[in-house]
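The primary structure of each chain is shown beneath.
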Amino acid sequence: MNAATPIAEATHTLAVLVDDEPGVLARVIGLFSGRGYNIESLTVSSVDTAKHLSRITIVTTGTPQIIAQIKAQLGRLVPVHAVHDLTLEGPHLERELALIKIRNVGEQRIEALRIADMFRARAIDSTLESFVFELTGGPSKITAFVELMSALGAIEVSRTGVVAIARGSNLDMPVFSTLEKNREKKPSAGKKASKKA
């Protein structure tokens, strides 16, 4: 009798649209920690000032059953408006910002600058013994850059975590700015002119 084949785990990127109010992020994180689900990356920011909405991007790993449970449980939280599994829904873009400080001297400084140029990292701070580089790209690109820098000196790293959005013209989570809301309230120039006439 064959032992059951273990179900492979996969990494998924989830986009979650939530109310921008105190305690929402804690509830989302609590859902993961309470059930033993791991969060590999989490980013959150306000995206719609008119409707007070924030977008959370979560990178997590699990079997298809666990990912389905996560999405269902997120969808049941009261302040959640939409949950999208970008990994399953089609092609999407993932980017991350990192600040990497490296401390070194001599030839290693020249090599650090050469590698930074290859990765299109920008030096945003410099002393006689250190650089701070700013780098944007996919998580694997950032990890590769960090590994190369760590071979050239002592480093410190600050990463934002992944932000992601679907490719193409479809808007899965459309948002509206305060400017658009104000534009809707103001009468057009043609209406003003007709009132004066």
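This text follows the structure it describes.
Please read these numbers as outputs of a predicted model, since none were measured by experiment. (Residues numbered from 1 in each chain as written. Predicted model: local features only at pLDDT ≥ 70, side-chain atom pairs only at ≥ 80, totals over all residues. Heavy atoms only, no water.)

A. Main features of the sheet that holds strand 3 (residues 53–62). Here we have four strands laid out as an open sheet, ordered 2-3-1-4, and antiparallel in their pairing. Two strands lie at the open edges of the sheet, namely strand 2 (39–48) and strand 4 (80–85), each paired on one side alone. In this sheet, adjacent strand axes meet at a mean angle of 20 degrees when their direction is disregarded. As paired elements, strand 2 and strand 3 share eight bridges and run antiparallel to each other. Of the residues in strand 3, the one forming a bridge with Ser-46 is Ser-54. Of the strands in this sheet, strand 1 (10–19), strand 2 and strand 3 are in contact with helix 1 (residues 24–34), which crosses strand 3 at around 15 degrees. In the packing of helix 2 (residues 64–76) onto the sheet, the strands contacted are strand 1, strand 3 and strand 4, and the crossing angle to strand 4 comes to about 160 degrees. (Pairing = 2+ DSSP bridges. Helix = DSSP H or I, 4+ residues; strand = E, 2+ residues; numbered from the N terminus. Axes fitted to C-alpha atoms, helices over the stretch in contact; angles between N-to-C directions. Contact = heavy atoms within 4.5 Å.)

B. Local environment of the pattern of salt bridges. For the coordinates displayed, the defined rule picks out four salt bridges. A salt bridge links Arg-114 to Glu-111; the nearest nitrogen and oxygen atoms lie 2.5 Å apart. You can see Arg-114 and its partner Glu-111 sitting in helix 4 (residues 107–119), three residues apart, about one turn around the helix. Glu-111 gets classed as partly exposed once you look at its relative accessible area, which sits at 27%. (Salt bridge = Lys/Arg side-chain N within 4 Å of Asp/Glu carboxyl O. Buried < 20%, exposed > 50% of the residue type's maximum accessible area, 1.4 Å probe, protein only.)

C. Structural detail: the pairing of strand 5 (residues 92–103). For strand 5 and strand 9 (residues 163–166), the ladder comprises four bridges, and the chain directions are antiparallel. Bridging across to strand 9, Glu-94 finds its partner in Ala-164. Pairing geometry for strand 5 and strand 7 (residues 130–137), over eight bridges, is antiparallel. Looking across to strand 7, one finds that Arg-103 is bridged to Ser-130. Where strand 5 meets strand 8 (residues 154–159), six bridges bridge the pair, whose relative direction is antiparallel. Bridging from a neighbouring strand, Leu-99 pairs with Ser-158 of strand 8.

The analysis is restricted to geometry; functional conclusions fall outside its scope.
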